Amino acid sequence: MLRCSHALQVGLFAILILPGTGPGCVVALGQATPPAAPPGLIPPELPVTPGLKVFDASLIDTAVDPCENFYRFSCNGWFKRNPLPADQVAYGRFTELYELNRLHLKQILEEAATPAKGSAAASPRSANEQKIGDEYSSCMDTSTVNKLGLTPLQPELDRIAAMKTAADLPALLAHLQRIGVSAFFSMGSNQDYADSSSVITFYGSGGLGLPERDYYTRTDAKSVEQLQQYVTHVRAIFTLAGEPDAQAAKDAETVMAIETRLAKATLTITEQRDPQNLNHPTDVARFSKELTHFSLGDYVAAAHAPAGGKVNDMEPTFFAEFNALVGDTPIDAIKTYLRWHLLHAYAGTSLPESFDHETWNFYSHILNGAEKQQERWKRCTSRVDEELGEALGQVYVAKYFPPEEKQRTLEMTLAIEQTMDKDISALGWMSAETKVKAKEKLRAVMNKIGYPDKWRDYSRLNIVRGDSLGNEMRVHEFDFARDLAKIGKPVDKGEWQMTPPTVNAYYDPQMNNVNFPAGYLQPPFFSGKEDDAANYGDMGSTVGHELTHGFDDQGRQFDKDGNLKDWWSKTDESEFNERAECMVKQYDAIEAVPGVHLNGKLTLGENLADLGGLWLAWLAWLDKAGAAHVDMNAKAEGYTPDRRFWIAYAQQWCTQTRPEQLRSQAEGDPHAPDEYRTNTVLTDLPEFARSFNCKKSAAMVAEKPCRVW
Ligand SMILES: [Zn+2]
């Protein structure tokens, strides 16, 4: 998700929000982000934004009945104040904070990009400052990028052109993957599902230019139109690369045929949610015997991957089809396919603006509805964050993340973990023996807050000022090598999958840890200046959400040590599934855009986490408020503490979304759209209805509420 196309997308990280759709870094940059904030809003030295509040009474629309539409009641004021910016496909409170963080990062980068740092007496830049500063400056230097054109990519294009037979493919493909080209499949390191203490090689499906396989198989009118638009896009990129129009048109059809074949052999994203479907351990020798048309030996040698040992062939059906495809596809067609993926991988800030704009036009405008491309500085700032996140993040954290915030988050996390322990004890449907195991798993969860204890070492990465494409290539090679170097070594549990300034959070089932980056632990989600009711309703529900992921349909299949191992009794498992099925049906019934329903199975893990997380936050807050003798009838800004709790929960989800983006989300995002993350979740909680005195017949009260935890 947050990871770029070069990284193997095999981790089963359950993230709080999906930051963007579309493949690779290029497109992810264009998504989860807002307009230029009014200059007055950003006092450069202030660590906390004035004006952003966790509970904000001024956003409430009292003309809406909270029992009829709580989302509108809580957010209408925000909607009025925040029209959807032209360069955004969705704009919500997460983007509001993301944009603020991005301005802070821009300031750090602009400073680092100035080698002299003002006076001659100023100290020289540190090695990391040189890297982040020169990378930002190279990315911003459009005149050099435009002037160079395709020249920096020419050696790679030549390499593909020089391929003679399919026997050349393995070494060439390994090379292309090393420089960030996601052709055919993905390969990288991951913890063994069966033994989380061991890091092995994973081979996963891949090689598609569209966001996921169903884009190639859906037959409704809109999807068919999108497919045609994709072919037009591929053709446009080939034309920009200098092909005559007729050739470009023919080549685009070739790409489409190969990708469609790969797509049809790929599991659906719903099937990929079940780790059992992705666990096919074998070893290099056996795997290489199955790939009769593709020398795995040549491939691993060129990739500098281990020549032996255990591997996971995540999707055997996919690799069988890949093997057949290599065997029966003319070499020129394979070369065309590789050329497309090479151009596609670099068609962002490293190639001339014509490539960049065409890529934006298809992925952000056509697929997701953006009206305007984001300004260059925004995309370059996000690029440096993705490429050198722990060098940039180190400065960011020192400036904007006071140690007290870390402590406060930790206290809240511990309180909610205690609550979950009590909640497990109280569950009527779970047996005593499974409860013991569940509690063991809960106690083993590692809490990671803010930023890594040990920062990533970038000393082997060379960043050259003025060489945007070369830098991008070296970053990919650096990451690829770093990833493979983990194989056979002890697992580094301190590693982060998100950069410190990220506005998001995740649970990792194989590590059994929860991760809350510094960038997220600020208003409007968390504030030392506001009371527990607001903070527990908002950040508390997220802490609960991430913990619940350890026990959702996916996470519950891993034990306390992160091994894929069944620790549930058969009865408990069927009790769980019965309750989960209630939620599958509840979300399947929601029509998000005309003709497109939510996918109850795809969104199950997130929906379980939303409901379970909010319930845990509520219980933890009641305990804390009780111990502190909070007066439950005392109103602040017109609202009692319990109502403030629910409103703070809802206000984190205030989001404007374009219809195109809403459609993509309903089709492929494991998270339900924000309106349902608010309203549907709350209809399942009678405690909410009691707070607002909602009648049984009200829209915000489910006839048959679902409940697991
Ligand atoms: Zn989640």
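Residues numbered from 1 in each chain as written. Predicted model: local features only at pLDDT ≥ 70, side-chain atom pairs only at ≥ 80, totals over all residues. Heavy atoms only, no water.

Draft legend 1. Up close: the packing of aromatic side chains. A full pass over the atoms with the stated rule returns 52 aromatic pairs. Seen from their ring centres, Trp78 and Tyr91 are 5.7 Å apart, and the 25° between their planes marks the pair as stacked. Placement of Trp78 in helix α2 (residues 70–81) and of Tyr91 in strand β2 (residues 90–92) is noted, with a sequence separation of 13 residues between them. Ring centres of Tyr230 and Trp340 lie 6.0 Å apart, and the angle between their planes is 75°; this geometry places the pair in the edge-to-face category. Highlighted residues: Tyr230 in helix α9 (residues 221–240) and Trp340 in helix α14 (residues 331–346), separated in sequence by 110 residues. (Phe/Tyr/Trp six-rings, centres within 6.5 Å; stacked < 30°, edge-to-face > 60°. Helix = DSSP H or I, 4+ residues; strand = E, 2+ residues; numbered from the N terminus.)

Draft legend 2. View of the nonpolar core. Core analysis: the largest hydrophobic core is formed by 116 residues, its most contacted members being Phe70, Ile132, Trp646, Phe688, Phe692 and Trp709. Top contributing element to this core by residue count: helix α23 (residues 604–627), with 11 residues. Filtering out sequence-adjacent residues up to four positions away, Phe692 remains in contact with Pro66, Cys67, Phe70, Phe73, Arg643, Trp646 and Ile647. Judged by nonpolar contacts, the second largest core, of 70 residues, contains Leu153, Met163, Leu208 and Phe318. (Core = buried A, V, L, I, M, F, W, Y, C linked by side-chain atoms within 4.5 Å. Buried < 20%, exposed > 50% of the residue type's maximum accessible area, 1.4 Å probe, protein only. Contact = heavy atoms within 4.5 Å.)

Draft legend 3. Local environment of the coordination of the zinc ion. Within the protein, the zinc ion binds to Ile15 (O), His545 (NE2), His549 (NE2) and Glu606 (OE); these donor distances fall in the range 2.0 to 2.8 Å. Coordination at the zinc ion comes from four donor atoms whose angles at the metal span 93 to 135°, giving a geometry best classed as irregular. (Donors = N, O, S within 2.8 Å, 3.2 Å for Na, K, Ca; no water. Tetrahedral: all angles 85-135°; square planar, octahedral: opposite > 155°, others 65-115°.)

Draft legend 4. The arrangement of α23 in detail. The terminal C-alpha atoms of α23, which comprises 24 residues, lie 34 Å apart, in line with the 34 Å expected from a rise of 1.5 Å per residue. Counted residue by residue, α23 has 18 buried out of 24 residues, so it is predominantly covered. His629 sits one or two positions beyond α23 and adopts a positive phi of about 55°. (Expected span 1.5 Å × (residues − 1).)

Draft legend 5. Focus on helix α19 (residues 432–444). With 13 residues, α19 should reach 18 Å at 1.5 Å per residue; the first-to-last C-alpha distance of 19 Å fits that figure. Buried within α19 we find Thr434, Lys435, Ala438, Lys439, Lys441 and Leu442. One side of α19 carries all its buried residues, which in axial view fall inside an arc of 160°. Exposed side chains of α19 directed beyond 90 degrees from the buried face belong to Ala432, Glu433 and Arg443. Where α19 is buried, its residues meet α18 (403–426), β8 (506–508), α21 (532–549) and α22 (570–588). (Arc of directions from axis to C-beta.)

Draft legend 6. Summary view of the sheet that holds strand β7 (residues 446–450). Pairing in this open sheet of four strands is mixed, and the strands run β1-β8-β9-β7 from one edge to the other. Edge strands, defined here as strands with exactly one partner in the open sheet, are β1 (14–15) and β7. As paired strands, β1 and β8 are joined by two bridges and run antiparallel to one another. Residue pairing for β8: Ala14 is matched across the bridge by Tyr507. (Pairing = 2+ DSSP bridges.)

Remember that the coordinates give geometry; whether it matters functionally is a separate question.
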